[in-house]
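# Survey of secondary and tertiary structure
One letter stands for each residue in the lines below.
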Amino acid sequence: MSDDDAWAEQLVGTTLVDRYRIDALIGRGGMGVVLAATHIKLQRPVAIKMMHPMLSRDSTIMQRFHQEAQAAASVGSDGVVEVSDFDDDPEHGPFLVMELLRGESLVDVLKNGRVETSRAIWIVGELLDVLNAVHAKGIIHRDLKPPNVFLHQDEAGGEVVKVVDFGIAKVHARHLTMTGQIVGTPRFMAPEQARGDDVDHRIDLYGAGLLLYCALTGLPPYATVSAGKVIERISQGPPSLRTLRPDLPADLLDVVDKALEPKPADRFQSAEAMAGALRGVDINAAAPSEAPSSSPSEAPLPTDASPSDTVRSEAPVFAPGDDDSDLSFPDEVSALREGTDAVVVPERHGWKYLLGAALLCGVAAGVFFYMKSLETLSIRAALESEGACA
């Protein structure tokens, strides 16, 4: 058992700030863990999120952790996971307390393949309603992906779409990200996000479009592109849904195309507008062509992918588990769980650094040769002086 595993397992049975008893480990990622717990005095089940001890010493990460709690708590929507407390245990460190959800994430839904069209429209329509409330508070989620969309079973047996993990959310008037940084999960980024540009709420609408794409195809975006090459392909967008699912109604294909426009100005301008267009789709309308739909395993192979990058039809595309490991083809096809913890990457302008380094080297070389020439002149003058004295 690794030190990380031991730390997580040792939390079970402990008590945080004399209020919360840790009952079980629910899941883990590269940055921390989620635990099932009980509020001791109220005897109410809750979920607790904790950062790894090594990361709790990073002030920026802890600022994001605190901001996550504040952002989720400020929205006031049934579609955002409820955050009820944020505290710091003297022994185990900071933690946030959330409602304990029952049901399954969108990853669990998608591991069985593509979703029925009417259900896919309902899920994403509900998600857009949540985003409308989130954006109204000046918050941009920035990391919409299947693990962060949860289908919660409420007390009455109904289903509620919940958005979780506001860990890298952008909150109006708060700046924890420098211009040029890339923040998010590569496979689910909008083009401007992948470039490190300043972003607005429309990246969440692009994310909602990608989730709709996933639900309708049973494939993650860029399914045949290895993880290391995804960033390079984002500007081109994923393979057209019109190619993968030509059997879908034309209006639905139009919604997905508009949501995934490379330029933000060409997309839907609000979650409300996108939800209206999506719910206006007649799922019984004729498809634009009668061509048979492609199966997930027959998706077009991009020119930069090798046969080893393709998805094997016998492997589940949406594999269970909660790891944040990189995508590996073809043995482990877990693209929708790739990057359970989003990434923050420095500014991607390498040519500037190379140019700067070259200039510095040039200056250093110039100084070196200048000093050497001075040394040579000094020696020559000394020799001539000695000769004159002789």
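Everything below is about the structure shown above.
Our subject in this report is the structure included herewith. Because the structure is a prediction, the values reported are computed rather than measured. (Residues numbered from 1 in each chain as written. Predicted model: local features only at pLDDT ≥ 70, side-chain atom pairs only at ≥ 80, totals over all residues. Heavy atoms only, no water.)

### Considerations on the pattern of salt bridges
Any two side chains of opposite charge can pair, so long as their charged atoms come close to each other. Just so we agree on the cut-off: Salt bridges are defined as contacts in which a side-chain nitrogen from Lys or Arg sits within 4 Å of a carboxyl oxygen from Asp or Glu. Note on conventions: DSSP H or I runs of at least 4 residues are helices, E runs of at least 2 residues are strands, and numbering of each starts at the N terminus. The buried label applies to any residue whose accessible area, calculated with a 1.4 Å probe on protein chains only, is under 20% of its type's maximum; exposed applies above 50%, and partly exposed to all values in between.
Considering all chains together, one arrives at 16 salt bridges under this definition. As a salt-bridge pair, Asp87 and Arg19 come within 2.8 Å of each other at their nearest N and O atoms. In this pair, Asp87 is assigned in strand 5 (residues 83–89) and Arg19 in the loop between strand 1 (15–16) and strand 2 (20–28), connecting sequence segments 68 residues apart. Asp87 sits in the partly exposed class, given a relative accessible area of 24%. One salt bridge in this structure joins Lys162 and Glu99, with 2.8 Å as the shortest N-O distance.

### Focus: the nonpolar core
Heads up, the condition is: Among buried residues, the Ala, Val, Leu, Ile, Met, Phe, Trp, Tyr and Cys ones that are joined through side-chain atoms within 4.5 Å form a nonpolar core.
Ranked by size, the top nonpolar core spans 75 residues in total, and within it Leu127, Leu128, Phe166 and Leu212 carry the most contacts. Here this core takes eleven residues from helix 6 (residues 202–217), the largest share from any one element. Of all hydrophobic cores here, the second largest spans 15 residues; its members include Leu16, Val17, Tyr20 and Leu35.

### A few points about the side chain of His152
Selection rule: Whenever a nitrogen or oxygen atom comes within 3.5 Å of another N or O atom, the pair is scored as a polar contact, on the condition that within protein one atom can donate a hydrogen and the other can accept it, and that pairs from neighbouring residues in sequence are kept only if both atoms are in side chains. Here, two residues are considered to be in contact whenever any of their heavy atoms come within 4.5 Å of each other.
By the element assignment, His152 lies in strand 9 (residues 149–153). The class of His152 is buried, set by a relative accessible area of 7%. Among the polar contacts listed, one links the side chain of His152 to the backbone nitrogen of Arg102, at a separation of 3.1 Å. Ignoring sequence-local partners within four residues, the contact set of His152 consists of Glu99, Leu100, Leu101, Arg102, Gly158, Glu159, Val160 and Lys162.

### Some words on the packing of aromatic side chains
Note the following rule: Centres within 6.5 Å are what make two rings of Phe, Tyr or Trp a pair, Trp counting through its six-membered ring; a difference in plane orientation under 30 degrees is then read as stacked, over 60 as edge-to-face, and the rest as tilted.
Scanning the model with the defined rule gives two aromatic pairs in all. Here the aromatic rings of Tyr20 and Phe95 are separated by 5.9 Å at their centres, their planes lie at 75 degrees, and the arrangement is edge-to-face. With Tyr20 in strand 2 and Phe95 in strand 6 (residues 93–99), the pair connects residues that are 75 residues apart, well separated along the chain. Look at Tyr20 and you get buried, because its relative accessible area is 4%. Under the relative-accessibility criterion, Phe95 is labelled buried at 0%. Seen from their ring centres, Phe65 and Phe86 are 5.5 Å apart, and the 65 degrees between their planes marks the pair as edge-to-face.

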